[in-house]
Amino acid sequence: MQMIRVRTRMALSACAMLYRSSISGPVRLMTTDTQSVAAKLSSSGLLRSQALIGGKWVDAYDGKTIKVHNPATGEVITDVPCMGGRETNDAISSAYDAFSSWSKLTAAERSRYLRKWYDLIMAHKEELGQLMTLEQGKPLKEAIGEVSYGAGFIEFSAEEGKRIYGDIIPSPLADRRLFVLKQPVGVVGAITPWNFPLAMITRKVGPALACGCTVVIKPSELTPLTALAAAELSIQAGIPPGVVNVVMGNAPDIGDALLASPQVRKITFTGSTKVGKKLMEGAAATVKKVSLELGGNAPCIIFDDADLEVALKGALATKFRNTGQTCVCANRILVQEGIYDKFANAFAKAVQNMKVGDGFTEGVEQGPLINEAAVQKVEYFVDEATSKGAKVLVGGKRHSLGMTFYEPTVVTGVNSEMLLAKEEVFGPVAPLLKFKTDEEAIQMANDTNAGLAAYIFSTNIKRAWRVTEALEYGIVGVNEGLVSTEVAPFGGVKQSGLGREGSKYGMDEYLEMKYVCLGSMS
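Only a predicted model underlies this, so the values are computations on that prediction, with no experimental measurement involved. (Residues numbered from 1 in each chain as written. Predicted model: local features only at pLDDT ≥ 70, side-chain atom pairs only at ≥ 80, totals over all residues. Heavy atoms only, no water.)

Some points on the overall build of the protein
Counting its regular elements, the protein contains 16 helices and 20 strands. The C-alpha atoms of the protein give 23 Å as radius of gyration, which agrees with the globular expectation for 522 residues (24 Å, within 12%). The C-alpha extent of the protein, read off along each of the three principal axes, is 80 × 65 × 45 Å. A total of 522 residues make up the protein; the buried ones form 58% of that total. As displayed, the protein has an accessible area near 20600 Å², and 52% of this comes from carbon and sulfur atoms. (Helix = DSSP H or I, 4+ residues; strand = E, 2+ residues; numbered from the N terminus. Rg over C-alpha atoms; globule rule 2.2 N^0.38 Å. Buried < 20%, exposed > 50% of the residue type's maximum accessible area, 1.4 Å probe, protein only. Areas by Shrake-Rupley, 256 points an atom, 1.4 Å probe, with all protein chains shown as cover.)

What follows is the structure, given as C-alpha cells:
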C-alpha cells in the first residue's frame with residue numbers, strides 16, 4: 001500500500017525547514033525577559049527538549065532538531081528532536097508493551113494515577129501558562145485559563161473511568177446468560193494541534209488512560225514544549241513507563257507510522273478537515289477506530305430581539321479568543337437587518353479598544369498569530385473581501401508591533417461569495433453579514449460543509465429552540481460565546497468530524513464492546 005503522507009496545518013516535510021514559516025526575518029536571540037522566563041521554567045524541570053519514549057527522554061536517532069520560536073518576538077526558545085518513523089515505531093512498541101499491564105489495573109487504580117497527574121498540573125499552572133505563552137503567544141491569563149480547562153479533562157476522566165458499566169441482557173433461552181463488557185481499545189495515536197497545546201492533549205489522553213489505553217502523542221512541531229511538560233508531570237505522578245509517549249518532528253513520517261502499525265488501534269486527531277480525510281483513508285488499511293475534530297465555519301446569529309450587551313460580549317469572546325485561532329471561533333457574524341448598523345458600530349468600537357501585544361504584557365487581550373503563513377492567509381482573505389466590495393470598519397492590516405501581530409478587524413458588507421464567509425480565516429477578523437428572516441439566517445448558517453459550532457443570540461425562547469434544532473451543528477451556544485467544558489460532548493457533524501470528546505460520551509471513543517454468551521455449565 002502506498003502510505004498516506006499526513007501533513008498537519010502549515011507543516012513542511014523536511015525537518016530542516018519546519019521552523020522557517022514561524023518567523024519573519026532573521027532568527028533573534030532571546031531578550032532578557034524571555035531568557036528569565038525560560039530559565040525559570042528550566043529550573044522547575046518543565047522546560048523539556050527531548051521526546052519521551054518508554055519512560056526515557058531521548059533525542060532523534062539521527063540527531064536532527066527543530067527550533068521552537070516565540071511567535072511574539074521570533075526568538076528561539078530551544079531545539080527539540082525532529083523524529084520520524086523509527087522513533088515512532090519504538091514509541092508504539094513501548095505503548096503496546098505497557099498496555100498489557102496498564103489495562104489490567106482496576107479503574108480505581110488508574111483513577112488515582114490520573115488524579116495525581118491532575119493535582120500536579122494544577123500545582124504548576126502558572127509555569128505551564130508561561131510556557132504556553134512563550135511558545136504559542138496567547139495572553140498569559142488566557143494560557144493559565146487553558147491549563148485549568150485542560151486539567152479538567154484529566155480530573156473528569158479520573159472519576160468517569162470508574163463508571164464504565166457493561167450490561168446484562170435478558171436471554172431468550174433459559175440455559176444461557178448474555179453479557180456486554182466494555183474494554184479498552186488498545187494503543188492510541190493522538191495527533192494534536194498548536195492552538196491549544198495542553199487542552200487538546202488532555203481531552204484525548206485523559207479518557208484514553210482512564211479506559212485502560214496507552215498513548216503515543218504527536219504534538220504540533222510549533223508548540224511541543226507544553227506537551228513535553230505535561231508528559232514530565234505524568235512521570236512525576238507515577239504513571240508507568242510506556243503508558244504516555246511523546247514524539248515530534250516530521251509529521252508525514254510520524255503519521256505514516258501510526259497509520260501503518262497494526263498495534264495502534266485508534267487514531268484521535270484535532271486539526272484541518274483536509275488532514276482528517278487523509279487520516280480516515282490511511283486508517284482503513286488496518287481498520288482502526290478514528291475520532292476526528294476538524295475544521296469549522298461557525299455562524300454567530302444575532303437576532304433583532306437580542307440583548308445587545310450580551311450579544312456583544314458573547315461575539316467578542318467567541319471571535320477573538322486565542323487571536324481568532326480556534327475551530328469554534330465565530331467565523332461569520334450574521335446580524336438581523338433591524339439592528340445591523342447599531343451592532344456593527346458598537347462591535348467595531350469594542351474591537352478598536354482591544355489591547356494587542358506580547359502575551360506577558362499586563363492587560364493584553366490579543367497576542368500574535370502563530371506564524372508568518374497565518375498572517376499571510378488573513379491578509380489574503382481580507383484583501384479578497386475588500387476587492388469584492390466589503391468595507392473594513394476597524395483594523396484590516398498588520399499591527400505596528402510587527403512580527404506576526406495583526407490588528408483586530410471588523411469587516412462589513414460581507415456576502416456568501418467571499419472567502420471570509422466560505423472558509424475559516426483562523427485569525428482576528430470578524431466578518432458581518434446581514435439577514436432579514438429566521439429562515440434566511442438558518443439557510444446562511446447551514447450553507448457550508450462544516451458543522452462544528454454555532455451561536456445564537458435572542459431573548460425569544462421559541463425562536464431560540466426553533467433555530468437551534470434547525471442548525472446542522474454539533475454544538476450550539478444560546479446567548480453564550482464560550483461553550484467548551486469537560487462535562488459536555490464536544491464535536492461536529494458533516495465534514496467537521498466524527499465522535500465526541502469530553503463528558504461520559506467521550507469515554508466510549510476509547511472502548512470496545514464485547515458481547516459474551518454464557519451457555520450451560522452443567
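Regarding the nonpolar core
Side chains of nonpolar character tend, in soluble globular proteins, to be buried together. Among the nonpolar cores identified, the biggest contains 79 residues, and Trp117, Ile121, Leu209, Val215, Val216, Leu225 and Leu258 are the most heavily contacted of them. Sort the elements by how many residues they give to this core and helix H7 (residues 225-236) lands first, with 7 residues. Val215 has contacts with Ala95, Val188, Val205, Ala208, Leu209, Val243, Val244 and Asn245, leaving out every residue within four places of it along the chain. Of all hydrophobic cores here, the second largest spans 35 residues; its members include Tyr406, Val429, Met444 and Ala445. (Core = buried A, V, L, I, M, F, W, Y, C linked by side-chain atoms within 4.5 Å. Contact = heavy atoms within 4.5 Å.)

Re the UniProt feature "domain: Aldehyde dehydrogenase" (unreviewed entry) in the protein
The UniProt entry lists residues 57-516 under the feature "domain: Aldehyde dehydrogenase" (unreviewed entry), expressed in the numbering used here. Summarising residues 57-516: 40% helix, 20% strand, and an end-to-end C-alpha distance of 42 Å. (UniProt positions renumbered as here; feature names shortened; annotations may be inferred.)

What to know about empty space enclosed by the protein
Counted under the stated rule, the structure contains 8 cavities of 30 Å³ or more. Roughly 90 Å³ of internal volume is contained in the second largest cavity. Forming the boundary of the second largest cavity are Tyr149, Asn195, Phe196, Met200, Arg203, Glu293, Arg321, Thr326, Cys327, Val328, Ser484 and Phe490. Counting contributing residues per domain, the lining of the second largest cavity is built from domain 1 (41-294) and domain 2 (299-485), each supplying no fewer than three. (1 Å grid on protein atoms, 1.4 Å probe; cavity = no way out; pocket = protein on both sides within 12 Å on 5 of 7 lines; lining within 4 Å. Points joined across faces, edges and corners; volume = space filled by probe spheres on them. Domains from an automatic or database assignment.)

Considering the layout of surface pockets
Here the largest pocket is characterised by a volume of approximately 800 Å³. Considering the residues around the largest pocket, the lining is formed by 25 residues, among which Pro139, Lys141, Glu142, Arg321 and Glu365 are closest to the centre. At the level of secondary structure, the elements contributing two or more residues to the lining of the largest pocket comprise helix H5 (140-160) and helix H10 (308-320). Sorting elements by how many residues they give to the lining of the largest pocket places H5 first, with 6 residues. Of the residues belonging to the lining of the largest pocket, the class tally is 13 nonpolar, 5 polar and 7 charged. (Nonpolar A, V, L, I, M, F, W, Y, C, P; charged D, E, K, R; others polar.)

A few points about the pattern of salt bridges
Scanning the entire structure with this criterion turns up 22 salt bridges. Where Glu293 meets Arg203, a salt bridge forms, and the shortest distance between an N and an O atom there is 2.6 Å. Linking Glu293 in strand E11 (residues 289-293) with Arg203 in helix H6 (residues 199-211), this pair joins segments that are 90 residues apart in sequence. Comparing Glu293 with Arg203, the two get one shared label, buried. (Salt bridge = Lys/Arg side-chain N within 4 Å of Asp/Glu carboxyl O.)

Quick look at the UniProt feature "active site" (unreviewed entry) in the protein
In this structure's numbering, the residues bearing the UniProt feature "active site" (unreviewed entry) are Glu293. Taking the relative accessible area as the measure of exposure, Glu293 reaches 3% and is therefore buried. Those residues within four positions of Glu293 in sequence are excluded, and the remaining contacts are Met200, Arg203, Phe269, Thr270, Gly271, Cys327, Leu452, Phe490, Ser496 and Glu501. Reaching out from Glu293, the side chain makes a polar contact with the side chain of Arg203 at a distance of 2.6 Å. (Polar contact = N/O pair within 3.5 Å; in protein donor to acceptor, adjacent residues only side chain to side chain.)

Structural notes on the packing of helix H4 (residues 125-136) against H5
Where H4 contacts H5, the axes come no closer than 8 Å and their chain directions differ by 125°. Between H4 and H5, the angle is such that the two are oblique. Considering how the two elements wind past one another, H4 and H5 form a crossing that is right-handed. Along the contact surface, H4 presents Lys125, Glu126, Leu128, Gly129, Gln130, Met132 and Thr133, while H5 presents Leu140, Ala143, Ile144, Glu146, Val147 and Ser148. Residue composition of the contact of H4 with H5, grouped by class: 6 nonpolar, 4 polar and 3 charged. (Axes fitted to C-alpha atoms, helices over the stretch in contact; angles between N-to-C directions. Parallel < 35°, antiparallel > 145°, perpendicular 65-115°, else oblique. Left-handed = near helix turned anticlockwise from the far one by under 90°.)

Re the domain arrangement of the protein
Taken domain by domain, the protein comprises domain 1 (41-294) and domain 2 (299-485). In this complex, domain 1 contributes 23 residues to the contact, which on the side of domain 2 involves 23 residues. Taking both sides of the interface into account, the surface hidden between domain 1 and domain 2 amounts to around 1800 Å²; carbon and sulfur atoms contribute 64%. Here domain 1 and domain 2 share 0 salt bridges between them. Counting across the domain 1 and domain 2 interface gives 6 residue pairs in polar contact (both at pLDDT 80 or more). If you list the elements that add at least two residues to the side of domain 1 that touches domain 2, you get H4 and H5. The element best represented in the side of domain 1 that touches domain 2 is H4, accounting for 5 residues. For the side of domain 1 that touches domain 2, the residue count by class is 11 nonpolar, 8 polar and 4 charged. (Buried area = accessible area lost by both parts, 1.4 Å probe.)

Some details on the packing of aromatic side chains
Centre-to-centre distance and the angle between the planes together describe a pair of aromatic rings. By the definition in use, this model includes 6 aromatic pairs. Here Trp102 and Tyr113 contribute two aromatic rings whose centre-to-centre distance is 5.6 Å and whose plane-to-plane angle is 45°, an arrangement assigned as tilted. Here Trp102, found in helix H2 (residues 85-102), pairs with Tyr113, found in helix H3 (residues 107-123); they are 11 residues apart in sequence, far enough to count as distant. Its relative accessible area of 1% is what places Trp102 among the buried residues. Seen from their ring centres, Phe320 and Phe347 are 6.3 Å apart, and the 35° between their planes marks the pair as tilted. Of this pair, Phe320 sits in helix H10 while Phe347 sits in helix H11 (residues 340-352), and the two are 27 residues apart along the sequence. The class of Phe320 is buried, set by a relative accessible area of 3%. Three or more aromatic residues joined by ring pairs make a cluster, and in this case those are Phe320, Phe343 and Phe347. The ring of Phe490 carries Arg203 above its face, with NZ or CZ at 4.1 Å from the centroid. (Phe/Tyr/Trp six-rings, centres within 6.5 Å; stacked < 30°, edge-to-face > 60°. Lys NZ or Arg CZ within 6 Å of the ring centre and 35° of its normal.)

Focus: the environment of Gln336
Examined against the element boundaries, Gln336 turns out to sit in strand E13 (residues 330-336). Residues Gln336 and Ile302, spaced 34 residues apart in sequence, show a C-alpha to C-alpha distance of 6.4 Å. Setting aside chain neighbours within four positions, we find Gln336 in contact with Ile302, Phe303, Asp304, Phe435, Lys436, Thr437, Asp438 and Arg463.

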